Amino acid sequence: MDTLTQSTHAAESETTPPLFIVLNAGSGDKNAETVANKLAEIFYAAKQPYELFLCRRPGDISDMTKQAVELASHRHGVVVAAGGDGTIRYIAQAVLAAGLPFGIVPLGTFNYFARDQGVPQEVEQAAEALMTGMREGNERQVQVGQLNDEVFLVNASLGLYPQLLADREVFKKQHGRSRMVAKWAALVTILKRDIKMRLRIEHTGGEQKSGESVIPASTIFVGNNSLQLHDVGLASESQHVKNGQLAIIALPPMTIFKRIAFAFRGMLGLLRKAPELTHFACRQLVVEPLRLRKPYVKVAMDGEVSQMRPPLTFRVGPQCLRLVVPKSASEQSGTEQ
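Residues numbered from 1 in each chain as written. Predicted model: local features only at pLDDT ≥ 70, side-chain atom pairs only at ≥ 80, totals over all residues. Heavy atoms only, no water.

**Quick notes on the side chain of Asn-111**
Thought 1: Tracing the backbone shows Asn-111 in the loop between strand S5 (101-106) and helix H4 (112-116).
Thought 2: We classify Asn-111 as buried; its relative accessible area is 5%.
Thought 3: A polar atom in the side chain of Asn-111 sits 2.8 Å from the backbone nitrogen of Gly-108.
Thought 4: Apart from residues lying up to four places away in sequence, Asn-111 is in contact with Gly-83, Gly-84, Asp-85, Pro-106 and Gln-121. (Helix = DSSP H or I, 4+ residues; strand = E, 2+ residues; numbered from the N terminus. Buried < 20%, exposed > 50% of the residue type's maximum accessible area, 1.4 Å probe, protein only. Polar contact = N/O pair within 3.5 Å; in protein donor to acceptor, adjacent residues only side chain to side chain. Contact = heavy atoms within 4.5 Å.)

So this is what it looks like as structure tokens:
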């Protein structure tokens, strides 16, 4: 297949686990061929056996991930996701189901998962960190979130936020991929869009007493990434995630001026001070939209938008991801800005 661009066994060794790298050519603003060549140079010099699956089309990721997982299972290797948070999430779900060790080479716009885990942002450094973690035999057990049957690593949501992400993809196609473009697209969505929902929510397993209520909302945002929560000013929720819970943020329907004010508070890291903001932590949240016109609702997981049938159950996943990182990364985890 043309997507399997390289199959390199650099000084194949029985003692060195091979890497099976799924590289999404559509992630971030880095040239995929350049990334592939850099990885080839690094792994050849280190005599690290690996196989690279270069996904040029969106449909390739599913097939390539399946092949990588099967090969890693048979040859006791490590599956590596090279891409943004959405790519990492998708591949992590397959790896988690197979019980395999997992590595990452971040190539996205924000790279919240990698930054939260102390993984370097540059390709060369990320590859070196991955090999160091393998040599040390070091794996970190990483909490994952689940939305119904799907895994998420950074966040999951419904309401205005998924619409914001959908609009952001249109902007990226027109103006390129960068954090500034993403933030500008978010502001445009906030100016143009208004979503009003009435939701039944039920939460369990947090510091607050478990309960059920019906609330008006424009967005329900469920966070599983302590760095992202800290960046927007929710330090206590960031700590709750580190302690094995999910952070819940509920926004009521707002006027355009309140939406703008809310957006700027988030960008300035002052979200906690936003009026009418509901936030708490729990291990499971069930959300059911009332007066639903369609059988499905739009949801977002780690920057990717899809549709799901309610009720929506957000929870801490029963299994942890076996992330291969060097021991030194534990000192940086959650501190990278």
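**Thoughts on the confidence of the model for the protein chain**
Thought 1: Averaged over the protein chain, the pLDDT score is 85; the fraction of residues at 70 or greater is 83%.
Thought 2: Every residue in residues 1-6 scores below 50 in pLDDT, and together they form 21 contacts with partners more than four places removed in sequence or on other chains. (pLDDT = per-residue confidence, 0-100.)

**Quick word on the environment of Leu-277**
Thought 1: Looking at the secondary structure, you find Leu-277 in the loop between helix H10 (256-267) and strand S14 (278-282).
Thought 2: Along the chain, Leu-277 and Leu-251 lie 26 residues apart, while their C-alpha atoms are 5.6 Å from each other.
Thought 3: Beyond its immediate chain neighbours, meaning those up to four positions away, Leu-277 contacts Leu-234, Ile-249, Ala-250, Leu-251, Phe-262 and Leu-271.

**Brief notes about the sheet that holds strand S18 (residues 312-316)**
Thought 1: The strand order across the open sheet formed by six strands is S8-S7-S18-S15-S10-S11, and the pairing between neighbours is antiparallel. Since the sheet does not close on itself, it has two edges, and those belong to strand S8 (150-152) and strand S11 (211-217), each with one partner. Along the sheet, successive strands turn relative to each other by an average axial angle of 25°, direction set aside.
Thought 2: With four bridges joining them, strand S15 (residues 284-289) and S18 adopt antiparallel strand pairing. Of the residues in S18, the one forming a bridge with Val-286 is Thr-313. (Pairing = 2+ DSSP bridges. Axes fitted to C-alpha atoms, helices over the stretch in contact; angles between N-to-C directions.)

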